[in-house]
Amino acid sequence: MTRTCAIDDCTNPVRPGRRICHKHRHRLARHGDPDFTEWTVADEYDVEIVVEQARPVEGLTRLERVMVGRGLSRRGLPAAEVARIVGVDPRTVYRWRREDRRAVA
Ligand SMILES: [Zn+2]
C-alpha cells in the first residue's frame, strides 16, 4: 500500500514509516517550514525530477525555474518546450541560454 505525504495538497508517496515525502522532509530540515519558498532557494531533488520527467509543473521557485530550464536545455529540448514546462515565455529561455553562454565564455 502506498501512502501519500501528510502535507496538505501534496500527493507524493512516502516511504514506509515516514509521514511526509522526501521533498517536504528536505524543506523542513533545511528551513523549518515545509512550505518555504524563496526565489534564491532551489530544491535540487525537485529540479532533478522535473528535468527527468520533462512535464509542466507549478510551484517552482524562480531559481528552480532557471535550473530546470538549464537542465532541459542541456538535454536538447527546444526553447518553446522548455518554456512550456517551466511556465515562462520562450524569450526568457533564450535569455537564460545567452546568459549561460556568456558565463562560460
Ligand atoms: Zn510532500
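The structure this text deals with has already been given above.
Residues numbered from 1 in each chain as written. Predicted model: local features only at pLDDT ≥ 70, side-chain atom pairs only at ≥ 80, totals over all residues. Heavy atoms only, no water.

Here we look at the coordination of the zinc ion
Cut-off, in case you're wondering: Distances decide who is a donor: an N, O or S atom must be within 2.8 Å of the metal, or within 3.2 Å for Na, K and Ca. Water is not included, so sites may look incomplete. Angle rules define the geometry names used: all angles between 85 and 135 degrees makes four donors tetrahedral, while opposite donors over 155 degrees apart and all other angles between 65 and 115 make four donors square planar and six octahedral, leaving every other case irregular. Secondary structure elements follow DSSP: runs of H or I no shorter than four residues count as helices, runs of E no shorter than two count as strands, and numbering proceeds from the N terminus.
Binding of the zinc ion to the protein goes through Cys-5 (SG), Cys-10 (SG), Cys-21 (SG) and His-24 (ND1), at separations of 1.9 to 2.3 Å. With four donor atoms in place around the zinc ion and angles of 104 to 113 degrees between them, the coordination shape is tetrahedral. Counting residues between consecutive donors of the zinc ion along the chain gives the motif C-x4-C-x10-C-x2-H. With a gap of 19 residues between them, Cys-5 in the segment before α1 (22–31) and His-24 in helix α1 connect regions that are remote in the sequence.

With respect to unusual backbone geometry
Among all residues except glycine, the phi angle is most often negative; among peptide bonds, the trans geometry is most common. In the Ramachandran plot, Ala-54 falls in the positive-phi region, its phi being about 50 degrees despite a non-glycine side chain. Relative to the elements of secondary structure, Ala-54 occurs in the loop between α2 (44–53) and α3 (62–74).

Considerations on helix α5 (residues 90–104)
So the rule is basically this: By definition here, a helix of n residues has an expected span of 1.5 Å times n minus one. Summary of the burial criterion: residues with accessible area below 20% of their type's maximum are buried, those above 50% are exposed, and those between are partly exposed, where the area comes from a 1.4 Å probe applied to protein chains only. The directions from the helix axis to the C-beta atoms are what the arc is built from.
With 15 residues, α5 should reach 21 Å at 1.5 Å per residue; the first-to-last C-alpha distance of 21 Å fits that figure. Of all the positions in α5, only Thr-92, Val-93 and Trp-96 are classed as buried. End-on, the buried residues of α5 take up no more than an arc of 100 degrees, which puts them together on one face. Exposed side chains of α5 directed beyond 90 degrees from the buried face belong to Arg-91, Arg-101 and Arg-102.

Regarding the packing of helix α4 (residues 79–86) against α5
The following threshold applies: Lines fitted to C-alpha atoms define the axes, with helix axes restricted to the stretch in contact, and inter-axis angles between N-to-C directions lie between 0 and 180 degrees. Any angle that is under 35 degrees is reported as roughly parallel, and any over 145 degrees as roughly antiparallel; angles of 65 to 115 degrees are reported as roughly perpendicular and all others as oblique. We call two residues contacting when some pair of their heavy atoms lies within 4.5 Å.
Following both chains from N to C, one finds α4 and α5 inclined at 110 degrees, their axes separated by 8 Å at the closest point. Relative to α5, α4 is oriented roughly perpendicular. Together, Ala-79, Ala-80, Val-82, Ala-83 and Val-86 of α4 and Pro-90, Val-93, Tyr-94, Trp-96 and Arg-97 of α5 make up the contact between the two elements.

Remarks on the environment of Val-47
Note on placement: Val-47 falls in helix α2. The sequence separation of Val-47 and Val-68 amounts to 21 residues, and the corresponding C-alpha distance is 5.6 Å. Among all residues touching Val-47, those that are not within four sequence positions of it are Glu-64, Met-67 and Val-68.

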